[in-house]
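# Examining the three-dimensional arrangement
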Amino acid sequence: MCDRRREESAKTVSGWAGNQRGARYSMSKANIEAAFKLACERYAELGVDVDAALKKLLKIPVSLHCWQGDDVRGFENPEGDLTGGIQATGNYPGRARNPQELRGDIEFVLSLVGGSHRVNVHACYAEFEKGKKVDRDELQPEHMKNWIAWAKKNRLGMDFNPTLFSHPMFNGFSLSSRDKKIRNFWIRHTAATRRVAAAIGKALGSPCVNNVWIPDSYKDIPADRETPRKILNDALDACFAEKLNPKHMLDAVESKLFGIGGESYTVGSHEFYMGYAVKNQKLLTLDSGHFHPTETISDKLSSCLLFVPEILLHVSRGVRWDSDHVVIVNDDLVAIAQELVRIDQFKRVHIGLDYFDASINRIAAWVLGVRAMQKALLYALLEPLKLMQGAEAAGDLTSRLVWTETAKTMPFGAVWDKFCADEDVPLDTKWLGEVKAYEANVLAKR
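Quick caveat: nothing in here was measured; it's all calculated off a predicted structure.

Rules of the game
Residues numbered from 1 in each chain as written. Predicted model: local features only at pLDDT ≥ 70, side-chain atom pairs only at ≥ 80, totals over all residues. Heavy atoms only, no water. Helix = DSSP H or I, 4+ residues; strand = E, 2+ residues; numbered from the N terminus. Rg over C-alpha atoms; globule rule 2.2 N^0.38 Å. Buried < 20%, exposed > 50% of the residue type's maximum accessible area, 1.4 Å probe, protein only. Contact = heavy atoms within 4.5 Å. 1 Å grid on protein atoms, 1.4 Å probe; cavity = no way out; pocket = protein on both sides within 12 Å on 5 of 7 lines; lining within 4 Å. Points joined across faces, edges and corners; volume = space filled by probe spheres on them. Nonpolar A, V, L, I, M, F, W, Y, C, P; charged D, E, K, R; others polar. Pairing = 2+ DSSP bridges. Core = buried A, V, L, I, M, F, W, Y, C linked by side-chain atoms within 4.5 Å. Phe/Tyr/Trp six-rings, centres within 6.5 Å; stacked < 30°, edge-to-face > 60°.

## Examining the overall build of the chain
Along the backbone of the chain there are 15 helices and ten strands. What you see for the chain is a C-alpha radius of gyration of 22 Å, in line with the 22 Å of a compact globule of 446 residues. Within the chain, buried positions represent 56% of all 446 residues. Taking as baseline every contact in the chain between residues at least 6 positions apart, the subset at least 24 positions apart corresponds to 81%.

Structure (structure tokens):
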């Protein structure tokens, strides 16, 4: 995190609970340094440069999803029902009720996580002056000006998404609707969000990824799978017709296996979007919860990058289905991080989080997910990759397996603690206390 953003976050923290920053470590910095020195010596035996790994981690941004803070409600109709296969479970107290509360919560989260970050915002989080609300197909950059100003102040990049659900014009279908009036509404909306994303990217000096996901689907077995996909193909062409500067905005398309109420057929399948992205050279979005429970996306990265220019990752955790559980350090997450490090294509892969859990403290859910993603990346960066790949290239598969197993018991935790200390964020044993204080002093009063 840059010094200016850390200072702003510190003001936020001190404003509600006093200065707790001196109590962010469960052991002295001298002990952290001592443990880190020993860890560096151990990793050096395997040819791993720990300092280089930490420097690389600092440069890998994770895009925080704004919808974790308010259960995907947005600001058009905050009390409205979610539709289109979207469901946030739980009613933990403290949900952000307005833009100021949501951005304040995100600022607090940023004070608890190191590194560089972005924020991902849905179109339904647009803000309107009193009496000047417009429908989604008339969205303009001015409706995101507060988000842009806030992101610039905090030196954050931003990503964006058209919101093709939870709206009267969604009748189970959007861009693939057979109803031309409905379909054209969503084409106009998606085209508008591309212009908004371009304005965001230009203002912040960093390309804004605009990700298109639609919930169009059937609950039961369809008689015609082909027609909706033909309609979607043509609709996407219309959405992307306007040429916009890739230095400001990047188009991404996202598939899904199924959704609530759409268990038998989704128009935007992986095969459909893979083909569309390859043909039209768009970014392909891979969501770790959008595939069969036994299918992982780590193996897809090296294949997809041979044919599409870039990839957007939506990191989630599905439990038996696409249930958007909070991301934790599990085998699937580590495998994704390992593949990212091994192919070393961070300039072509955008990492974002995508889950919404209202059954636990929403701030804690954010912090857990960001830190889990960073831990997995650091673990992967600390692998003895030269030994592993060298053995593999030489056909010595025995040594490859030995080095892979050796990495699992290396003193990774000491390096993670050093990362937190250097970034002046709490150790794992300490950040929950700050979240609990924020809950008592801020969330409980909502």
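## Here we look at empty space enclosed by the protein
Inspection of every chain in the model, using the stated rule, returns three cavities of 30 Å³ or more. One number sums up the size of the largest cavity: a volume of about 90 Å³. Of the residues assigned to the lining of the largest cavity, the class counts are five nonpolar, seven polar and three charged. The computed volume of the second largest cavity comes to approximately 40 Å³. Lining of the second largest cavity is provided by Ser-63, Asn-120, Asp-159, Phe-160, Asn-161, Val-209, Asn-211, Leu-312, His-314, Ile-351 and Gly-352. Counting only elements with at least two residues in the lining of the second largest cavity, the list comes to β3 (157-161), β4 (208-212), β9 (311-315) and β10 (349-353). By residue number, the principal contributor to the lining of the second largest cavity is β3, which donates three residues.

## Overview of the environment of Leu-204
Note that Leu-204 resides in helix α6 (residues 180-204). Not counting chain neighbours up to four residues away, the residues in contact with Leu-204 comprise Ile-148, Ala-151, Lys-152, Leu-156, Gly-157 and Met-158.

## Examining the pairing of strand β8 (residues 283-287)
A large share of β8 lies buried, amounting to five of its five residues. As paired elements, strand β6 (residues 249-254) and β8 share three bridges and run parallel to each other. Pairing of Glu-254 across the sheet is with Thr-285, part of β8. As defined by bridge partners, β8 adjoins β9 across four bridges and the pair is classed as parallel. Bridge pairing links Leu-286 to Leu-313 in β9.

## Here we look at the nonpolar core
In this structure, Trp-147, Phe-160, Leu-175 and Leu-313 are the most contacted members of the largest nonpolar core, which totals 132 residues. No other element matches helix α11 (residues 362-381), which puts 14 residues into this core. Look past the residues within four positions of Trp-147 in its chain and what remains in contact with it is Cys-66, Phe-75, Leu-102, Arg-103, Ile-106, Val-119, Val-121, Tyr-125, Glu-127 and Met-158. Listed in part, the five residues of the second largest apolar core include Val-209, Ala-252, Leu-283 and Leu-312.

## Things to note about the packing of aromatic side chains
Overall, the coordinates contain twelve aromatic pairs when judged by the stated rule. For the ring pair Phe-108 and Tyr-438, a centre distance of 4.2 Å and an interplane angle of 5° mean the geometry is stacked. Here Tyr-438 lies in helix α15 (residues 431-441) and Phe-108 lies in helix α4 (residues 99-110), a separation of 330 residues in the sequence. The residues Phe-108 and Tyr-438 share a single accessibility class, namely buried. Ring centres of Tyr-379 and Phe-412 lie 5.9 Å apart, and the angle between their planes is 75°; this geometry places the pair in the edge-to-face category. Placement of Tyr-379 in helix α11 and of Phe-412 in helix α14 (residues 412-422) is noted, with a sequence separation of 33 residues between them.

## Some details on the pairing of β4
Regular strands have side chains that alternate between both faces of the sheet. β4 sits mainly inside the fold: five of its five residues count as buried. Neither face of β4 is exposed, since Cys-208, Asn-210 and Val-212 on one face and Val-209 and Asn-211 on the opposite face are all buried. Relative to β6, β4 runs parallel, the two sharing five bridges. Its bridge partner lying in β6, Asn-211 is registered against Ala-252.

So yeah, pure geometry; function would need other evidence.
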